[in-house]
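# Chain and residue survey
Chain by chain, the residues:
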Amino acid sequence: MQIGTHLIEPALVLAPMAGVTDRPFRMLCRRLGAGLAVSEMTISDSRMWKTEKSRTRMDHAGESGPVSVQIAGHDPQLLADAARHNVGHGADIIDINMGCPAKKVCKVDAGSALLRDEALVARICAAVVAAVPVPVTLKIRTGWSRAERNGVAIARIAEACGIAALAVHGRSREDRFEGSAEYDTIAAIKQAVRIPVIANGDIRTPEQARHVLAATGADALMIGRAAQGRPWIFREIHHFLATGQHLPPPSRAWIGALLVEHLTAMAGLYGEAQGVRIGRKHIRWYCDDHPDAEIFWRSISTETCGETQRRAVAHFFGVEPMDRWAAAA
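In this text the structure is predicted, and so the values were computed from the model without any measurement.

This brings us to the overall build of the chain. Of the regular secondary structure elements, the chain holds 14 helices and 11 strands. Rg of the C-alpha trace for the chain: 20 Å, near the compact-globule value of 20 Å for 329 residues, within the 12% margin. A total of 329 residues make up the chain; the buried ones form 58% of that total. Roughly 13900 Å² of accessible area belongs to the chain as shown, and the carbon and sulfur atoms make up 52% of that amount. With 39 positive and 35 negative side-chain charges, the chain shows a separation of 2 Å between the mean positions of the two kinds.

Counting buried positions over the 6 residues of strand β8 (residues 136-141) gives 6, a clear majority of the element. Neither face of β8 is open: one carries V136, L138 and I140, the other T137, K139 and R141, and all of them are buried. One ladder, built from 5 bridges, connects strand β7 (residues 93-98) with β8; its direction is parallel. From the neighbouring strand, N97 faces β8, where its bridge partner is K139.

This part is about the packing of aromatic side chains. Aromatic ring pairs: the centre-centre distance and the angle between the two ring planes describe each pair. Tallied over the full model, the rule gives 4 aromatic pairs. Pairing F316 with F317 gives two aromatic rings, centres 5.1 Å apart and planes at 90°, and the pair type is edge-to-face. Since its relative accessible area comes to 13%, F316 is described here as buried. On the accessibility criterion, F317 (2% relative accessible area) is buried. These aromatic residues form a ring-pair network of at least three members: W232, W254 and Y286. When the ring centre of F177 is taken as origin, the NZ or CZ atom of R141, which lies over that ring, is 5.0 Å away. Cation over ring: R252 sits above F316, and NZ or CZ is 4.4 Å from the ring centre.

Helix α13 (residues 306-317) packs onto helix α10 (residues 252-270) with a crossing angle of 170° between their chain directions and a minimal axis gap of 8 Å. By the angle between their directions, the pair α10 and α13 is classed as roughly antiparallel. The segment α10 lies against α13, with R252, A253, I255, G256, L259, V260, L263, T264 and A267 engaging Q309, R310, V313, A314, F316 and F317. A breakdown of the residues in the contact of α10 with α13 according to their chemical character gives 10 nonpolar, 3 polar and 2 charged.

Before going further, it helps to spend a moment on the nonpolar core. If you look at soluble globular proteins, the nonpolar side chains tend to sit buried side by side. With 60 residues, the main nonpolar core has M98, V128, L138, I140 and F234 as its most contacted residues. For this core, the element with the highest residue contribution is helix α5 (residues 118-131), accounting for 6 residues. Sequence-distant contacts of F234, that is, excluding residues within four places in its chain, are made with L12, V13, L14, C29, L32, G33, A34, I223 and A227. Within the second largest apolar cluster, 25 residues are counted, among which are A257, L258, I283 and F316.

A word on the environment of V13. Residue position: V13 is located in strand β3 (residues 12-14). On the basis of relative accessible area, V13 is assigned to the buried category, the value being 1%. In sequence terms V13 and P231 are 218 residues apart; their C-alpha atoms lie 11 Å from each other. The contact partners of V13, leaving out residues within four places of it in the chain, are M1, L36, V38, I198, L221, M222, I223 and F234.

Whether parallel or antiparallel, the strands of a sheet pair through hydrogen bonds between backbone atoms. Strand order across the open sheet formed by 9 strands is β4-β3-β11-β10-β9-β8-β7-β6-β5, with parallel pairing between neighbours. Because the sheet does not close on itself, it has two edges, and the strands there are β4 (36-37) and β5 (42-43). Bridge analysis of β5 against strand β6 (residues 68-72) gives 2 bridges, and the strand direction is parallel. In the sheet register, T42 faces β6, and the bridge partner there is I71. Running at roughly 165° to β3, helix α9 (residues 233-243) makes contact with β3 and β11 (220-223) of the sheet.

Glancing now at the confidence of the model for the chain. Mean pLDDT over the chain works out to 91, with 91% of the residues at or above the 70 mark. Taken as a whole, residues 325-329 scores under 50 in pLDDT and shows 9 contacts with residues more than four places along the chain or in a different chain.

Listed as buried for α9 are I233, F234, E236, I237 and F240. On an axial view of α9, the arc spanned by its buried residues comes to 165°, and they lie on one face. For α9, the elements touching its buried residues are β3, α1 (23-31), α8 (206-216) and β11. Of the residues flanking the end of α9, it is G244, one or two places downstream, whose phi is positive at about 80°.

Moving on, we get to the pattern of salt bridges. Counted under the stated rule, the structure contains 14 salt bridges. Notably, a salt bridge pairs E261 with R31, separated by 2.6 Å at the nearest N-O pair. Residue E261 is located in helix α10, and its partner R31 is located in helix α1; the two are separated by 230 residues in the primary sequence. Judged by its relative accessible area of 33%, E261 falls in the partly exposed class. Across the pair E236 and R230 runs a salt bridge whose closest N-O atoms are separated by 2.7 Å. Exposure remark for R230: the relative accessible area of 25% places this residue in the partly exposed category. Put simply, R146, E174 and D175 are held in one network by salt bridges that share partners.

Parameters at a glance
- Residues numbered from 1 in each chain as written.
- Predicted model: local features only at pLDDT ≥ 70, side-chain atom pairs only at ≥ 80, totals over all residues.
- Heavy atoms only, no water.
- Helix = DSSP H or I, 4+ residues; strand = E, 2+ residues; numbered from the N terminus.
- Rg over C-alpha atoms; globule rule 2.2 N^0.38 Å.
- Buried < 20%, exposed > 50% of the residue type's maximum accessible area, 1.4 Å probe, protein only.
- Areas by Shrake-Rupley, 256 points an atom, 1.4 Å probe, with all protein chains shown as cover.
- Lys, Arg positive; Asp, Glu negative; His and termini not counted.
- Charge placed at Lys NZ, Arg CZ, Asp CG, Glu CD.
- Pairing = 2+ DSSP bridges.
- Phe/Tyr/Trp six-rings, centres within 6.5 Å; stacked < 30°, edge-to-face > 60°.
- Lys NZ or Arg CZ within 6 Å of the ring centre and 35° of its normal.
- Axes fitted to C-alpha atoms, helices over the stretch in contact; angles between N-to-C directions.
- Parallel < 35°, antiparallel > 145°, perpendicular 65-115°, else oblique.
- Contact = heavy atoms within 4.5 Å.
- Nonpolar A, V, L, I, M, F, W, Y, C, P; charged D, E, K, R; others polar.
- Core = buried A, V, L, I, M, F, W, Y, C linked by side-chain atoms within 4.5 Å.
- pLDDT = per-residue confidence, 0-100.
- Arc of directions from axis to C-beta.
- Salt bridge = Lys/Arg side-chain N within 4 Å of Asp/Glu carboxyl O.

Have a look at this one:
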């Protein structure tokens, strides 16, 4: 898939997820088969850009390109300013969020709430495209509600305004993450526009990935929740789509070593104390499919020392030698 001058290969994209797709996670997913990893959304209000949260979200040190940064808001000029700011800080692609269903985002007329106002969608897309010399993409849902599925109309507006690619989560805002994704709506959007369309929603296995591509005709797939605790899903899907064969599952020790590396990188980005807190949810996701996961989780869920946390993870997964991880920290 091509986004502007950027070839996305393989055509598998890590979805932007608040509190999840930080730099360590994006880098892991890229290394393990994602062709593109979109950052957590950055708010368009410049007063917030100097906060510690914004600082870490805008940190792209060491990332391989293209770097895609998602921006969120409802004011066209502020979003244009945010796009320029992020391009100045290393973004190769700007993504506009019109898909987030969270109440705190929608109540300020951002995220998927924007889908109710097609004229405003046009003004935002046009303003951001005009503001930056890099490709601009758009993430949407099928509509605000089941009764107001206007994804095809939004897609046509986006294309007319110069949007370079469109990611579609196959649910309305009303559906949030419930029920099944509407692949027929994504297929209709793909038929309505000439720009690349990225299908998102309910892609958890290589077989589901193949089905979604066939059902929608999409140019690429976007994977979100299924990558939590399983960043290697991208290479599994890529291998299956290319060969029809499944890769052997990773060993328990390999997963443990990857998780320790992930925790170490988070400590490096956030500092030890915050890295430990943020790392807890990742530990739970990585451990979910393993025997005794609940017992282990209860034993470590309140741990505050980073080194102890990493050593406990290494022990649970059977990673040796321990001194290697202590040194890495």
